[in-house]
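Listed here are the chains, written in short residue letters.
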There are 4 protein chains.
Amino acid sequence: MPKLGMKPIRRRQLIDATIAVIGNVGFSDATVSRIAKRAGVSPGIVHHYFEDKHALLEAAMRDLLEQLRTAVAGRLALAETPVQRAEAVIDGNFSAEQFSREAITAWLAFWAHAPHDPALMKLRRINLARAHSNLVSALKWVMPRASVDDAVDGLVALIDGLWLRAALSGGRPDREALRTIARDYLDRLIGDTPDPPSLIKGTTRTGGFAWER
Amino acid sequence: MPKLGMKPIRRRQLIDATIAVIGNVGFSDATVSRIAKRAGVSPGIVHHYFEDKHALLEAAMRDLLEQLRTAVAGRLALAETPVQRAEAVIDGNFSAEQFSREAITAWLAFWAHAPHDPALMKLRRINLARAHSNLVSALKWVMPRASVDDAVDGLVALIDGLWLRAALSGGRPDREALRTIARDYLDRLIGDTPDPPSLIKGTTRTGGFAWER
Amino acid sequence: MPKLGMKPIRRRQLIDATIAVIGNVGFSDATVSRIAKRAGVSPGIVHHYFEDKHALLEAAMRDLLEQLRTAVAGRLALAETPVQRAEAVIDGNFSAEQFSREAITAWLAFWAHAPHDPALMKLRRINLARAHSNLVSALKWVMPRASVDDAVDGLVALIDGLWLRAALSGGRPDREALRTIARDYLDRLIGDTPDPPSLIKGTTRTGGFAWER
Amino acid sequence: MPKLGMKPIRRRQLIDATIAVIGNVGFSDATVSRIAKRAGVSPGIVHHYFEDKHALLEAAMRDLLEQLRTAVAGRLALAETPVQRAEAVIDGNFSAEQFSREAITAWLAFWAHAPHDPALMKLRRINLARAHSNLVSALKWVMPRASVDDAVDGLVALIDGLWLRAALSGGRPDREALRTIARDYLDRLIGDTPDPPSLIKGTTRTGGFAWER
DNA sequence: AATGAATGAGAATTCATTCAT
DNA sequence: AATGAATGAATTCTCATTCAT
């Protein structure tokens, strides 16, 4: 007798288990059996809910990125100035939800595998494009146009590098310290340019800077 | 076909092949057979020269780090000022020798596996400590003592993040662009503090800064 | 093809196949593949039912000893006098169930391997202790106490030696002839001491011998 | 430059190493490499002195049996009466030369493998025939003809069984105790039949027994 | 004579996937 | 829907044997 509506439940269990297992034993030892056991189901059932192992891995990576997107989006919605928008991106990346050890380690495992997996690479591109877009749309107001691209590249790289460090440091990562480093970099990038009041959300921008759009 | 003293030759061949294969197909698909084929030897011989697969992998990672160390050390030897020393670290990290696609991808694969492999983790720690030491000993002369640690953490993370980006971007990585971003971060960290003339190698330091040692 | 509750069935099949294969080709050529083929299953499934090859071998040896134990125990239950108890041990060891060529040869293979395998050695000790205990508890009534231990050691050794001979003689072993030799040794050990009537099961012992307890 | 006369030296080294290795790690783990290492030579050289691994194993078994033959023969030469001849066989089997732990364990390993190796089986047959012949020629003078065969079979089996016990007991085997058990069995077999004086070596037999030849 | 490099077959074991129930 | 039995391919590693030096 088929239980109805199991699909989303099982998929979620399996995705969570996948991230946990990859985080705990690494990509190459994340076997279907181990994942199934962690999810509390039999190994056979996995292929009922996912085409194959690869589809499960991809769904897990997708899920990880979706969580990140949500964390950033939530903060972006509250930001009122360009600088706050950039800070929202940073804060989202170092929010507690993202920053479990398992998740960070899994994230690293996925990226390491991406060069050999077009589907993961595609996710990476989408993810990167979103981060870029968010940061460019914020920083372009507070720095010379010509500097924005490099600044964004640097900021994204720094965030990634800090995640890498978190994944590779023993013990639980110190989110605050890492975030502070990223925030500091942001500060240095925008120099002492003040957040132009005219850019505050909801107001009409009247004044202007040389590098404004 | 020489029959004596093959050990160093074969070990080098196998290490190179390991890095290449990991770079090309990833950590989990880097089988002993594939590595042997790439090295042009039979699979069986691998265990003649390495205790087991793990020993080979570790030797390969060690080799990768040794290459990096050499690249940095060579540049450090030529540096005359603290700032030049910091630049030497950056430049060594983005030198052409290090920056083959295969090597970068392998590097990422190793780090992703490190959390599950004490031997790799140990290498990571040694490597990190060296980078820190090099940068601290340079930056402490050109910025307030209290800022040095965070600055170094940030710089190391940025470099790692830029490598990550290189590993994950299609096509061949643009070393110059990446290096420029790192150099720019360095500039921002030390502000407009000029390299104190008194610190130039070989001269006697007479003047002083608040944060000098 | 039943799909549930296969465990006991498969384990038995595999144990039987193991004994047969060891009996036929010897310990060193008893590969998992051969055993699986003999059991009519795929090589892979073996590890579904046994932790590893060693666990399978140990289970097989255990099974062999358990069969022997049962054969002896059944006969002991029917014995009414000390001498009959000793004879029960002998008869159990030469009963038809035990004495297939394959089983005897496998038995020898196991003992030969035991010095290098603590698990087998432990089984040997348990097995030996049981045989000793059975024989001591019988012989102590019919011979001087001081002679019992050596007598038991001799009897056990003779039985083992006769098994060895059976394993090493071509053709099918002549159980009867071998048993007769062991029985004769027993007779000589107890001399013409009659089974003391008083010791017959269920009767009260009234008379006495110097060596009675 | 070929060293002359290495052949017997190397063969002996390799045979001794083979027995030692089999005694220490068992038949299935006695690899050519291990044996070569134990003998202090390179693995390749083994095939210079022995056709193949099997030839080496056979030579080792042959050597073991030859040692036993010598030990018995030496004692037989000194025996003057039938009983002494039987005792010589027993004593030879429990002489110190034979009774190293390694040798006994190797002996057991060889017999366990014999059923699957015609060459070993042949050695076994030769060995057995010699023991039988020696014992029959002794015992026929001191017991009824009809009993001799069974008596010999029993004595041989007991000796084998005591070796088995020695191989399987921890610690160093107690030669004396084991020999005593075998001697006692012999005593019981021949009963109180005295060694007929007329049979003493070098004398002429005049009297007679019912079972004399 | 001797080494140790090299091969290739075969060992145990793992694992994604399929399938009968 | 779910299980766990089953397969067969692939993986790491071992080993007897051969061979260039």
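The shown structure was predicted, so the numbers you read here are calculated from the model rather than taken from an experiment. (Residues numbered from 1 in each chain as written. Chains lettered and ligands numbered in written order. Predicted model: local features only at pLDDT ≥ 70, side-chain atom pairs only at ≥ 80, totals over all residues. Heavy atoms only, no water.)

### Here we look at the protein's contact with DNA strand E
In the region of DNA strand E, 35 residues are neighbours, and B:Arg10, B:Tyr49, C:Lys53, D:Arg10 and D:Tyr49 sit closest. Protein-proximal atoms of DNA strand E, defined as those within 4 Å of the protein, fall in sugar or phosphate at a share of 76%. Within the backbone of C:Lys53, one N or O atom sits 2.8 Å away from a phosphate oxygen of DNA strand E. At 2.6 Å from a phosphate oxygen of DNA strand E is found a side-chain nitrogen or oxygen belonging to D:Tyr49. Among the elements of the structure, helix 2 (32-39) of chain A, helix 1 (6-25) and helix 3 (46-49) of chain B, helix 2 (32-39) of chain C together with helix 1 (6-25) and helix 3 (46-49) of chain D are those that each provide at least two residues to the surface near DNA strand E. Of the residues belonging to the surface near DNA strand E, the class tally is twelve nonpolar, 14 polar and nine charged. (Near = heavy atom within 4 Å. Polar contact = N/O pair within 3.5 Å; in protein donor to acceptor, adjacent residues only side chain to side chain. Helix = DSSP H or I, 4+ residues; strand = E, 2+ residues; numbered from the N terminus. Nonpolar A, V, L, I, M, F, W, Y, C, P; charged D, E, K, R; others polar.)

### Digging into the packing of helix 5 (residues 82-93) of chain D against helix 9 (residues 175-190) of chain D
Residues and elements named next belong to chain D. In the contact formed by helix 5 and helix 9, the axes pass within 10 Å of each other and the chain directions differ by 155 degrees. With respect to their mutual orientation, helix 5 and helix 9 come out roughly antiparallel. When you trace helix 5 past helix 9, the crossing you get is right-handed. Between helix 5, through Val83, Ala86, Glu87, Ile90 and Asp91, and helix 9, the contact on the second element is made entirely by Arg179, Ala182, Arg183, Leu186 and Ile190. Of the residues contributing to the contact of helix 5 with helix 9, the split by class is six nonpolar, no polar and four charged. (Axes fitted to C-alpha atoms, helices over the stretch in contact; angles between N-to-C directions. Parallel < 35°, antiparallel > 145°, perpendicular 65-115°, else oblique. Left-handed = near helix turned anticlockwise from the far one by under 90°. Contact = heavy atoms within 4.5 Å.)

### Structural notes on the interface of chain B and chain A
Between chain B and chain A, the contact holds 38 residues from the first and 38 residues from the second. Both sides together, the interface formed by chain B and chain A hides about 3,000 Å², and carbon and sulfur atoms give 67% of it. Together, B:Arg165, B:Leu168 and B:Arg188 form the three largest contributors to the area buried by chain B at its contact with chain A, with a combined 21%. With its nearest N and O atoms 3.4 Å apart, the salt bridge here joins B:Asp153 to A:Arg165. (Buried area = accessible area lost by both parts, 1.4 Å probe. Salt bridge = Lys/Arg side-chain N within 4 Å of Asp/Glu carboxyl O.)

### Describing the protein's contact with DNA strand F
Every one of the 33 residues lining DNA strand F counts as a neighbour, but A:Arg10, A:Tyr49, B:Lys53, C:Arg10 and C:Tyr49 are closest to it. Backbone atoms, meaning sugar plus phosphate, form 76% of the atoms of DNA strand F positioned within 4 Å of the protein. A distance of 2.5 Å separates a phosphate oxygen of DNA strand F from a polar side-chain atom of A:Tyr49. Elements with a contribution of two residues or more to the surface near DNA strand F: helix 1 (6-25) and helix 3 (46-49) of chain A together with helix 1 (6-25) and helix 3 (46-49) of chain C. Residue classes in the surface near DNA strand F are distributed as twelve nonpolar, twelve polar and nine charged.

### So, the relation of the copies chain B and chain A
The two copies are related by a screw operation: chain B maps onto chain A through 180 degrees of rotation and 0.0 Å of translation along the axis, at an RMSD of 0.1 Å. Taken together, these values place the two copies in the relation of a two-fold axis. Mapped onto chain A, 100% of the interface residues of chain B again fall at the interface, so both copies present the same surface. (Least-squares fit on C-alpha atoms with pLDDT ≥ 70 in both.)

### Comments concerning the relation of the copies chain D and chain C
With an RMSD of 0.1 Å, the operation that places chain D on chain C is a rotation of 180 degrees combined with a shift of 0.0 Å along the axis. Most of the interface of chain D is mirrored in chain C, where 100% of its interface residues again form contacts.

### Some thoughts on the environment of B:Thr105
Residues and elements named next belong to chain B. With respect to the helices, strands and loops of the structure, Thr105 is situated in helix 6 (residues 101-113). Looking at Thr105, the relative accessible area reads 3%, which means it is buried. Remark: the alpha-carbon pair of Thr105 and Asn24, spanning 81 residues in sequence, is separated by 7.8 Å. A distance of 2.8 Å separates the side chain of Thr105 from the backbone oxygen of Arg101, its partner in a polar contact. (Buried < 20%, exposed > 50% of the residue type's maximum accessible area, 1.4 Å probe, protein only.)

### A short note on the packing of aromatic side chains
This structure, assessed with the given rule, holds 18 aromatic pairs over all chains. Ring geometry for B:Phe99 and B:Trp163: centres 5.3 Å apart, planes at 85 degrees, overall edge-to-face. Remark: B:Trp163 occurs in helix 8 (residues 145-168) and B:Phe99 occurs in the loop between helix 5 (82-93) and helix 6; sequence separation between them is 64 residues. Like B:Phe99, the residue B:Trp163 is buried in the burial classification. Centroid distance D:Phe94 to D:Phe99: 5.5 Å. Interplanar angle 55 degrees. Geometry classified as tilted. Grouping residues by exposure puts D:Phe94 and D:Phe99 together as buried. Taken together, the ring pairs in this structure connect A:Phe94, A:Phe99, A:Trp107 and A:Trp163 into an aromatic cluster. Positioned over the ring face of B:Trp111 is B:Arg124, at 5.7 Å from the centre of the ring. (Phe/Tyr/Trp six-rings, centres within 6.5 Å; stacked < 30°, edge-to-face > 60°. Lys NZ or Arg CZ within 6 Å of the ring centre and 35° of its normal.)

### Observations regarding the environment of D:Ala20
All names here are of chain D. Tracing the backbone shows Ala20 in helix 1. Since its relative accessible area comes to 5%, Ala20 is described here as buried. When the C-alpha positions of Ala20 and Asn93 are compared, they lie 19 Å apart, and in sequence the two are 73 residues distant. With residues near it in sequence (within four places) discarded, Ala20 still touches Arg38 and Glu102.

### Comments concerning the interface of chain D and chain C
Between chain D and chain C, the residue contacts involve 38 residues of the former and 38 residues of the latter. For the pair chain D and chain C, the summed buried area comes to about 3,000 Å², and 67% of that belongs to carbon and sulfur atoms. Counting the contacts that link chain D with chain C gives two salt bridges. At the surface where chain D touches chain C, the tally comes to seven residue pairs in polar contact (both at pLDDT 80 or more). Secondary structure elements with two or more residues in the side of chain D that touches chain C: helix 1, helix 6 (101-113), helix 7 (118-139), helix 8 (145-168) and helix 9 of chain D. For the side of chain D that touches chain C, the element with the most residues is helix 8 of chain D, which contributes twelve residues. Split by residue class, the side of chain D that touches chain C holds 21 nonpolar, ten polar and seven charged.

### Focus: the confidence of the model for chain A
On average, residues of chain A score 89 in pLDDT, and 88% of them reach the 70 mark or higher. A low-confidence stretch, residues 197-213 of chain A (pLDDT under 50), is modelled with 32 contacts involving residues beyond four sequence positions or located in other chains. (pLDDT = per-residue confidence, 0-100.)

### Here's the deal with the side chain of C:Asp153
If you trace the backbone, C:Asp153 turns up in helix 8 (residues 145-168). We classify C:Asp153 as buried; its relative accessible area is 15%. Separated by 3.2 Å, the side chains of C:Asp153 and C:His132 make a polar contact. With residues up to four places along the chain from it excluded, the contact list for C:Asp153 reads C:His132, D:Arg165 and D:Ile181.

### Some remarks on the pattern of salt bridges
Inspection of the entire model under this criterion finds 48 salt bridges over all chains. Close ionic contact of A:Asp160 with A:Arg124 constitutes a salt bridge, the shortest N to O distance being 3.6 Å. Highlighted residues: A:Asp160 in helix 8 (residues 145-168) and A:Arg124 in helix 7 (residues 118-139), separated in sequence by 36 residues. Across the pair, A:Arg124 and A:Asp160 agree in class, each one buried. Here C:Asp91 ties to C:Arg179 by a salt bridge, and the two come within 3.3 Å at their closest N and O atoms. In this pair, C:Asp91 is assigned in helix 5 (residues 82-93) and C:Arg179 in helix 9 (residues 175-190), connecting sequence segments 88 residues apart. Taken together, the shared-partner salt bridges in this structure form one network comprising A:Glu87, A:Asp91, A:Glu176, A:Arg179 and A:Arg183.

### Comments concerning the packing of helix 6 of chain B against helix 7 (residues 118-139) of chain B
Residue and element names in this part refer to chain B. For the pair helix 6 and helix 7, the least separation of the axes is 9 Å and the interaxial angle reads 115 degrees. One finds that helix 6 runs roughly perpendicular with respect to helix 7. For the pair helix 6 and helix 7, the sense of crossing is left-handed. Here Phe110, Trp111 and His113 of helix 6 lie close against helix 7, whose contacting residues are Leu120, Leu123, Arg124 and Asn127. For the contact of helix 6 with helix 7, the class distribution of residues is four nonpolar, two polar and one charged.

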